[in-house]
Amino acid sequence: MDEKDYLDSSAELNSDEAEKEEAITQSSPDEKEEETFDTTISGIGVNYENNDNWKFEAEALTLSDDFLEKSVDYAEDEYKENIVDEKAVESEPEPSKNGSNHIVISKTPLLFISAAIFVAACIALISVFSVRYFTVPNGKEGKYANPGSIVATVGDTKVTTGMFNYYYNSIFSYYEQYASYGYFTLDTSDDLRTQYTTDDEGNRVSWADFFVSEVFEEISRTAGVYSKAVSEGITVTKAQQATIDQQIESMKTAASEKNQSLDAYISSLYGEYCTEATLRTMLEQYYVSVNYSGYINSQKQPTDKEIDKYYSEHENEFKLISFSYLALTYDSTSDESKETSIKEANKYMDKITDRKSIVKMIPTVYADYIEADAQQIMSGDKSMTEKEAIKHATENYESSVDYSMTAAETPFDDETTNWLFNDNTKIGDKKIYINEEAGYIYVILKTENATADESQTYSVRHILIMPEGDESSADETGKTEHTDEQWAAAEKKANEILDTFNKGDKSEYSFALLAEEHSEDVASTSASGTGAFGGLCAATPLGQMVPEFEEWSVDKSRKYGDTGIVKSQYGYHIMFFVNNMESYKASVITAMRDAQINELIDGVNKDINQSKIDKAIARFAKTYAAKKATAASDTDAQANANTAE
């Protein structure tokens, strides 16, 4: 592809194969029927395609012996019907001597020509559909996806063009947004192959390659777990399937309001060839993967010996390091500006002796930020004076100079993080860390040595059953008042669910599945979309939950697998006790189980068709450029209209 004209010329399909594909697309009257839903607008909205039973007939794509035999049979039948009787031909008189001719034409050669034309036409038709089948995506998924749709295979999962475009579009939009805030040096309107960033391993890579690697990292997270989950018989729950259906119905409504087919609407949001089938497939894979992770996390607790062994092997992953820092602007536009930034940082570092000295410098170092925050505070509270707003903003920055993190959580590179955790680094030691990509230079002060977090936590699962009510019964504080009958009905339902659990295998996973089905605490189930599953409240610090909930959970007599029902202001909580231990030990258990999942993800094989990926990215770039041009044109038109008014 042409390096100079990435967004325009590179988006064109320059290869001979692509030109043939384009010609086929233009000449095929059935293309829109294959790739999109019916866009006919009826009196009540959009008519959606409801036939998903497309099936490719393999024999129609090859000249099989059977096909040739049928073609010859057809020619022979036609010959028998039309050929002149042989005896009649033999009895025809010779041409007269007076020059008049009685011409007799044998039809045999014409019949074979007709058959040849028929066969040639069939071959041409088959060739057209064969090329389309192997080169043009059909927007379908699973067994209905044609070879032209598949851009990669990750584990046992076929990655379609629509699926790739969904992830690529999402990741592109994420980085574009943060680049607009100044977090990244990235110009999304320019060639991404000539702009560079740093990957997780510290390698310098182009943004184009970085985006593709991010896409397949995300796909691998699901695909690696999904294959294993399917083999273990893990499926989507009824509640999850209902959530998927609701999301699709919501999109249908939005599409109808825009007079678009559902697939056309989805493609406009998430990328070319991304369809209803794509979203359903991806959501199902996501939920099955979440369910498998939930299954792993609901296995019996590891022993203290196993926890201690893992901790000793990964100590710095669980220890917390305490430090304070100042973040200064780092100007990397030239060698001279870089040197100036470093000199300024060193001046501040020379003045730092302890935490108090850092706090003292806050009004000077963060002056611009404090002023901007003060203006925002005053816009929200008209009664506050500028002096009061500045004081409030300054105190916010002063209270946020202290940090306590694990090695994995620090915003620094490996060298600086190792410096912090090293026992040879003393309390009060200082260091400068430069993040050129983010545009900041940090002056760091070590304030404490690394220690394990021994604060007490507990882990439980719960199923919340709330009494039914309506907003009309809410009091002046907005809290809904419930009748005794409503509370009694909720308690009855809670007891019935607990009885169902006790009649089963009484495993943690069985309880988790009941939570997925019945719990009204959505935040602790997969319905939240956060990766939560089965009503788990893991490593919960003291004082975070309502008193009744916590009192039951921290009871010293509790053993793994204990159950019970607790009433709180929110409803009835069906409880399942998991553990009660120090925070770092709870983190170790989480890490041990995450390692099982990560092993599946890291071990997944990837077979990527780079030419198809390049084509998808080029087409995305062209579409993106067109959207930007349209948006700019609309903005100019609106500005002109406002001026005219």
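For the structure, check the block above.
Right, let's walk through the structure included here.

Conventions and cut-offs
- Residues numbered from 1 in each chain as written.
- Predicted model: local features only at pLDDT ≥ 70, side-chain atom pairs only at ≥ 80, totals over all residues.
- Heavy atoms only, no water.
- Core = buried A, V, L, I, M, F, W, Y, C linked by side-chain atoms within 4.5 Å.
- Buried < 20%, exposed > 50% of the residue type's maximum accessible area, 1.4 Å probe, protein only.
- Helix = DSSP H or I, 4+ residues; strand = E, 2+ residues; numbered from the N terminus.
- Phe/Tyr/Trp six-rings, centres within 6.5 Å; stacked < 30°, edge-to-face > 60°.
- Lys NZ or Arg CZ within 6 Å of the ring centre and 35° of its normal.
- Salt bridge = Lys/Arg side-chain N within 4 Å of Asp/Glu carboxyl O.
- Pairing = 2+ DSSP bridges.

It is characteristic of soluble globular proteins that their nonpolar side chains tend to be buried jointly. Within the largest apolar cluster, 37 residues are counted, with the highest numbers of intra-cluster contacts made by Phe 323, Leu 326, Tyr 366, Phe 412, Leu 420 and Ile 444. For this core, the secondary structure elements donating two or more residues are strand 7 (319–329), helix 12 (335–351), helix 13 (355–365), helix 14 (367–380), helix 15 (386–398), helix 16 (414–421) and strand 10 (440–452). Within the second largest apolar cluster, 30 residues are counted, among which are Ile 171, Phe 172, Ala 616 and Phe 620.

Next up on the list: the packing of aromatic side chains. Within a pair of aromatic rings, the relevant descriptors are the distance that separates the centres and the angle that separates the planes. Using the criterion set out here, one finds 46 aromatic pairs in the structure. Ring centres of Trp 207 and Phe 210 lie 5.4 Å apart, and the angle between their planes is 85°; this geometry places the pair in the edge-to-face category. Of this pair, Trp 207 and Phe 210 both sit in helix 7 (residues 207–231), three residues apart, roughly one helical turn. Residue class for Phe 210 comes out buried when judged on its relative accessible area of 7%. Ring centres of Trp 207 and Phe 211 lie 5.6 Å apart, and the angle between their planes is 55°; this geometry places the pair in the tilted category. Linking Trp 207 with Phe 211, this pair stays in helix 7, spanning four residues, or about one helical turn. On the basis of relative accessibility, which here comes to 0%, the residue Phe 211 falls in the buried class. Across from the ring centre of Tyr 196, 4.0 Å away, lies the NZ or CZ of Arg 204, which sits over that ring. When the ring centre of Trp 487 is taken as origin, the NZ or CZ atom of Lys 567, which lies over that ring, is 4.4 Å away.

So, about the pattern of salt bridges. Two side chains carrying opposite charge are able to pair once their charged atoms lie near each other. Tallied over the full model, the rule gives 18 salt bridges. Between Arg 221 and Glu 218 there is a salt bridge, and its shortest N-O distance comes to 3.6 Å. Here Arg 221 pairs with Glu 218, and both are found in helix 7, just three residues apart, close to one helical turn. On the basis of relative accessible area, Arg 221 is assigned to the partly exposed category, the value being 39%. Two residues, Glu 249 and Lys 252, come together in a salt bridge whose shortest N-O distance is 3.7 Å. Of this pair, Glu 249 and Lys 252 both sit in helix 8 (residues 238–257), three residues apart, which is roughly one turn of the helix. Each of Glu 217, Glu 218 and Arg 221 takes part in a single network of salt bridges with overlapping partners.

Extensive coverage of strand 14 (residues 571–582) is indicated by the burial of ten of its twelve residues. By the bridge criterion, ten bridges tie strand 11 (residues 456–465) to strand 14 in an arrangement that is antiparallel. Of the residues in strand 14, the one forming a bridge with Ile 465 is Tyr 572. Relative to strand 14, strand 13 (residues 563–568) runs antiparallel, the two sharing six bridges. What sits directly across from Gly 564, in strand 14, is Met 575. Where strand 13 folds back onto strand 14 in an antiparallel hairpin, the turn is made up of two residues.

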